[in-house]
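Here is how the chains run, residue by residue.
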Amino acid sequence: MTNLGVLVSGNGTNLQAIIDAIEGGLLDSKVKVVISNNPGAFAIERAKRHNIPTEIVSNKTFPAKEDYDRRLVEILKEHSVDLVILAGFMRILTHVLINAFPMRIMNIHPALLPAFPGLNVQKKALEHGVKFSGATVHFVDEGIDTGPIIIQAVVPVYDDDTEEILSARILQEEHRIYPQAVKLFAEGRLEVKGSRAIIKDSPTTEGAMENPSVTMFKEMDECLSKSSKK
Ligand code: GRF
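This report concerns the structure included in the present document. Because the structure is a prediction, the values reported are computed rather than measured.

Quick notes on the rules
Residues numbered from 1 in each chain as written. Predicted model: local features only at pLDDT ≥ 70, side-chain atom pairs only at ≥ 80, totals over all residues. Heavy atoms only, no water. Helix = DSSP H or I, 4+ residues; strand = E, 2+ residues; numbered from the N terminus. Contact = heavy atoms within 4.5 Å. Areas by Shrake-Rupley, 256 points an atom, 1.4 Å probe, with all protein chains shown as cover. Lys, Arg positive; Asp, Glu negative; His and termini not counted. Charge placed at Lys NZ, Arg CZ, Asp CG, Glu CD. Near = heavy atom within 4 Å. Polar contact = N/O pair within 3.5 Å; in protein donor to acceptor, adjacent residues only side chain to side chain. Nonpolar A, V, L, I, M, F, W, Y, C, P; charged D, E, K, R; others polar. Domains from an automatic or database assignment. Pairing = 2+ DSSP bridges. Axes fitted to C-alpha atoms, helices over the stretch in contact; angles between N-to-C directions.

So, the overall build of the chain
Looking only at helices and strands, one finds 7 helices and 9 strands in the chain. Referenced to the eigenvectors of the C-alpha coordinate spread, the extents of the chain come out at roughly 70 × 35 × 35 Å. A separation threshold of at least 6 residues defines the contact pool for the chain, and within that pool the share at least 24 residues apart is 63%. For the chain, the accessible surface area stands at approximately 12500 Å², while carbon and sulfur atoms represent 53% of it. If you average the places of the 26 positive and of the 30 negative side-chain charges in the chain, the two averages end up 2 Å apart.

Concerning the site of the ligand
Every residue close to the ligand is listed here: Asn-11, Gly-12, Thr-13, Asn-14, Gly-88, Ile-108, His-109, Pro-110, Leu-171 and Glu-174. One nitrogen or oxygen atom from the main chain of Gly-12 is found 2.8 Å from an oxygen atom belonging to the ligand. The contact in question runs from a nitrogen atom of the ligand to an N or O atom on the backbone of Ile-108, over 3.0 Å. For the ligand, whose accessible area on its own is 370 Å², the fraction buried by protein is 81%. Every element with two or more residues in the shell around the ligand is listed here: helix 1 (13-23), strand 5 (105-109) and helix 6 (163-186). Residues that form the shell around the ligand fall into these classes: 3 nonpolar, 6 polar and 1 charged. Summarising the domain contributions, the shell around the ligand has at least three residues from each of domain 1 (1-101) and domain 2 (109-230).

Some details on the sheet that holds strand 7 (residues 149-156)
Strand order across the open sheet formed by 7 strands is 3-2-1-4-5-6-7, with mixed pairing between neighbours. The sheet is open, and its two borders are formed by strand 3 (54-56) and strand 7, each paired with just one other strand. Direction aside, neighbouring strands of the sheet carry axes that sit 20 degrees apart on average. Examined bridge by bridge, strand 6 (residues 132-139) and strand 7 share 7 bridges and lie antiparallel to one another. Bridge assignment links Phe-132 to a residue of strand 7, and that residue is Pro-156.

Below, the structure is given as structure tokens:
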């Protein structure tokens, strides 16, 4: 059984996805504590509904970032946490927390890293005109959204997407891959080698996705399929 400590600042839909996976018997883990810097976070309400202990650690009580993180480490250790889950936690972690849980902190980011690290990334993806975006679960190191990538999910980006529509499409995938990444950790199937996270016995998929689909360009498609038969 893997003990989880989840750090949140907002709505908590990813926290909910993890709780649902546990309650549905898909994930052999336990959320031991949910911690927020924001007393108004709806994520706290979600935790309470499932009788999960919660803690609010206000930014104001610990103005120095390291002291703040020291308090987080204390709480996480008190609850015997094995894996720390960042689920919409709007703070940058210091070495204090990162060194206390080396390669045992996960984050989810609403873009295909290493593209678009940082904030407002769905807007940036739209502005950039990318044809695909998605979500990334990764281990946390001292950089901003730079740690070893565990799972990614890809979604198409359409010309008439708004930031809200794209965010919702990505969020739906986040809820699928975050519990899956935690499950891989809980099963001992993740191994970090340098800057890569390797999944033991990872299934492989054939083929590729295109957006817009190449079948749209019928003539090209036909020409290519003939040439491959020569
Ligand atoms: C998600 O988009 C996640 O990728 C980002 O913050 C958002 C959190 O959403 N890190 P929620 O609080 O889990 O609903």
